Structure formats: structure tokens, C-alpha cells
Amino acid sequence: HNIGSEIGRDDRRQNMGVTSGTDGSAGESARSDGMTADPVPSIRPQSKLPRAGVPSSWRCWATVWVTPPAPADPGGQKRRRVPPPSVRSGPGPHAVPIRCGAVLRPSRENEPIPIPYCARHLRSGDAGALAVAAPAQSGGGGRCLVARADLPAGYRMAFFGKRGRCPPCAVDDRAISFYPPNRRTGRNTAGRRLNNTNYNGVLRPEGTGDLIQYAACPGPGERQNMRSTFQYWGVRNGENGGLEFVTTEEVKAGTQLCHWYGSGWFPDRGLKRLDVGTEDYPAPKRRAKIKAETQHDD
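Residues numbered from 1 in each chain as written. Predicted model: local features only at pLDDT ≥ 70, side-chain atom pairs only at ≥ 80, totals over all residues. Heavy atoms only, no water.

(A) Region of the structure containing the nonpolar core. One finds Tyr117, Leu130, Leu145, Leu151, Met157, Ile212 and Phe245 to be the most contacted residues of the largest nonpolar core, which totals 44 residues. Secondary structure elements with two or more residues in this core: strand 3 (63-66), strand 7 (144-147), strand 8 (156-164), strand 13 (226-234) and strand 14 (240-247). (Core = buried A, V, L, I, M, F, W, Y, C linked by side-chain atoms within 4.5 Å. Buried < 20%, exposed > 50% of the residue type's maximum accessible area, 1.4 Å probe, protein only. Helix = DSSP H or I, 4+ residues; strand = E, 2+ residues; numbered from the N terminus.)

Structure below.
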């Protein structure tokens, strides 16, 4: 894969919680009877990023859903985990999203920053925020990555896999090129661009719990809503590695998450690039196309 050219800024965001109103209170939706509905649970971007040499910052990024704190338990000490919401039905009043926050440990390879998922979420991926769906139009043969609940701009996700050689273009692969980070800084950038002089094979997600492998490339009439930041995890010639992705805009539940594969990906495989959005799982349209459709309707 060729992936973008810009480095993402570190978003200094609040932790997850309930959507805040303009006065800082929990956001509430109005009801026709004059009463207010329960606060709508909201997933928020990660504010604390893992740093090289600072193990206290190594916490799991994944989203988990728990019961709301009871009035008799304002600190939430007795919360219990519940299954993530269905993409179709959305979160109910009895579940709120929080960060997993499990403490991470480096692997035996002693990487400068570990992949920011705990052992549980390395097996399942960030299934509290993301879901793999099979559009009806694909006849059950194709899959795509969608937002399980509304995601904000700046939500961070990790692609991860086993390091190895790049498979032939004739093979159905979901690999991404691996450029190991500096062991001291944990970064791999030259200025604000990727340092691509230390290529070290590819990361192959097959057989892992990675979910980002199912994100499609937007078609000619669509745009990406997530991108790579060139923050890699792993070590040179190591067994495993990862790459950070971040949403570039708000993504509504049930909407596909798409990122640019690179200009050569489709020609190298003899494939034609097509729009990937479907009626049940739409992809974000190019803004020029939206404007043209609006003018046509007028």
C-alpha cells in the first residue's frame, strides 16, 4: 500500500464520556412533552497518546461499553461491561462508552511503544467502535469496515499484523508497508513526512484480530474519512508491527470507514477503482459530487 503524505497532529482532546452541552453539562435531547431524554452516549477521541520511554502512558485505546453509574455509585466503581451496540439499533440507555485503559506491556522485542491495544483487543480489534459488515449488494461475499456508533474526528485506530514479505499482486492481500520507528523516539518521520528509506517488509493482518484491514478505498465519487499518520509500532525485523490511523471527520454509525490505498494499488492488480458505498452502508461522497447532486435536485 502507498499511504498518504501528511503527518497527523496530536489531537489534544477530552477523554470519552457523555456529549457535553454548551454549558459543559451533559447534552440532552428535547422531547415533545417538555421533558428531556437520557443523555446520548458519545465516543470521544483519545487524548492521551503513548510516548516512547514513558510506560505510564501505555494504555489500551479501544472502546468498551459499560453500564451507566448508578446514583448510589457516582464513582462508577460497580459498572459492568456490556456487549457493544448493534450498528442498526445503536447504543441504548443502559450502555455508555469508555476507554479500555488496560495497562500495556512491551513484547519480548522491546519496541519503543507497543501497539496500543491490550491482549484482549489484539484478539478482537476495537470492536466497541468498529464493526465488519457484509453489504446486501455484495451477496454476502464482500465485507467492509463501518462505524459501530458515531465517531468523532480525531478518533485513533491501530492497524496491526505480522511482519513479512510483500505478497504478489495476484494474491488477495491486505498488507501495508512497514517502516519501523526510531527506537529512541518511537517515531519515523523526516520533518512532517514519512521517512521511507528504512522499508522493512509489510504488515499482514490475516489471522489476527485487526479490523482496519476491511476498510475500503474510496471510489472516484467518494472521499476518505480516515488516514494514516505514519506513527508505526514495532522494531526492525521484528515479528509484529502496527500503524496508526485517525478519522478525518465525524463518521456516523453505519457509515463505511475508507482510506486512500495509493494511486498504483489498482493498476498494479489490473483492477478498476469503483465507488464502494451501498444503500445499507454508505461511503462519504466527494463534496463536488454532493454539490452537483444538490444543484440537480434544485
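What follows picks up the thread again.
(B) Representation of the sheet that holds strand 8. Pairing in this open sheet of 5 strands is antiparallel, and the strands run 9-12-8-14-13 from one edge to the other. A single partner strand is all that each edge strand has here, and the edge strands are strand 9 (176-177) and strand 13. The sheet contact formed by strand 8 and strand 12 (residues 202-204) spans 3 bridges and is antiparallel. Bridging from a neighbouring strand, Gly164 pairs with Val202 of strand 12. (Pairing = 2+ DSSP bridges.)

(C) The arrangement of the layout of surface pockets in detail. Of the volumes computed, that of the largest pocket is approximately 800 Å³. Lining the largest pocket are 32 residues; nearest its centre among them are Arg143, Ala216, Cys217, Tyr261 and Trp265. Partitioned by chemical class, the residues of the lining of the largest pocket number 17 nonpolar, 8 polar and 7 charged. (1 Å grid on protein atoms, 1.4 Å probe; cavity = no way out; pocket = protein on both sides within 12 Å on 5 of 7 lines; lining within 4 Å. Points joined across faces, edges and corners; volume = space filled by probe spheres on them. Nonpolar A, V, L, I, M, F, W, Y, C, P; charged D, E, K, R; others polar.)

(D) Main features of the environment of Cys144. Within the secondary structure layout, Cys144 lies in strand 7. Residue classification places Cys144 among the buried positions, given a relative accessible area of 3%. For the pair Cys144 and Leu257, spaced 113 residues apart in the sequence, the C-alpha separation amounts to 8.0 Å. Once you skip the residues sitting within four places of it in the chain, Cys144 turns out to touch Ala131, Val132, Ala133, Pro135, Tyr214, Gln256 and Tyr281. (Contact = heavy atoms within 4.5 Å.)

(E) Structural detail: the pattern of salt bridges. According to the stated counting rule, one finds 7 salt bridges in the structure shown. For Lys252, the salt bridge is made with Asp150, and the minimal N-O distance between the two is 3.7 Å. Of this pair, Lys252 sits in the loop between strand 14 and helix 2 (265-268) while Asp150 is found in the loop between strand 7 and strand 8, placing the two residues 102 residues apart along the sequence. Here Arg204 and Glu206 are joined by a salt bridge, their closest N and O atoms 3.7 Å apart. In this structure, a network of salt bridges that share partners links the residues Arg108, Lys162 and Glu239. (Salt bridge = Lys/Arg side-chain N within 4 Å of Asp/Glu carboxyl O.)

(F) Fine view of the packing of aromatic side chains. A full pass over the atoms with the stated rule returns 8 aromatic pairs. Aromatic side chains Tyr117 and Phe160 sit 6.0 Å apart centroid to centroid with 80 degrees between the ring planes, which places their arrangement in the edge-to-face category. Separated by 43 residues along the polypeptide, Tyr117 in the loop between strand 5 (96-99) and helix 1 (119-124) and Phe160 in strand 8 bring together distant segments of the chain. We classify Phe160 as buried; its relative accessible area is 5%. Here the aromatic cluster, defined as three or more aromatic residues joined through ring pairs, consists of Phe178, Tyr179, Tyr199 and Tyr232. (Phe/Tyr/Trp six-rings, centres within 6.5 Å; stacked < 30°, edge-to-face > 60°.)

(G) Region of the structure containing the state of the cysteines. Taken as a whole and assessed by the stated rule, the structure comprises 0 disulfides. Cysteine Cys144 remains unbridged, with the sulfur of Cys258 as its closest cysteine sulfur at 8.1 Å. Just so you know, Cys217 is unpaired, no disulfide at all, and the nearest cysteine sulfur is the one on Cys258, 7.9 Å from it. Using a relative accessible area of 3% as the deciding quantity, one classes Cys217 as buried. (Disulfide = S-S within 2.5 Å.)

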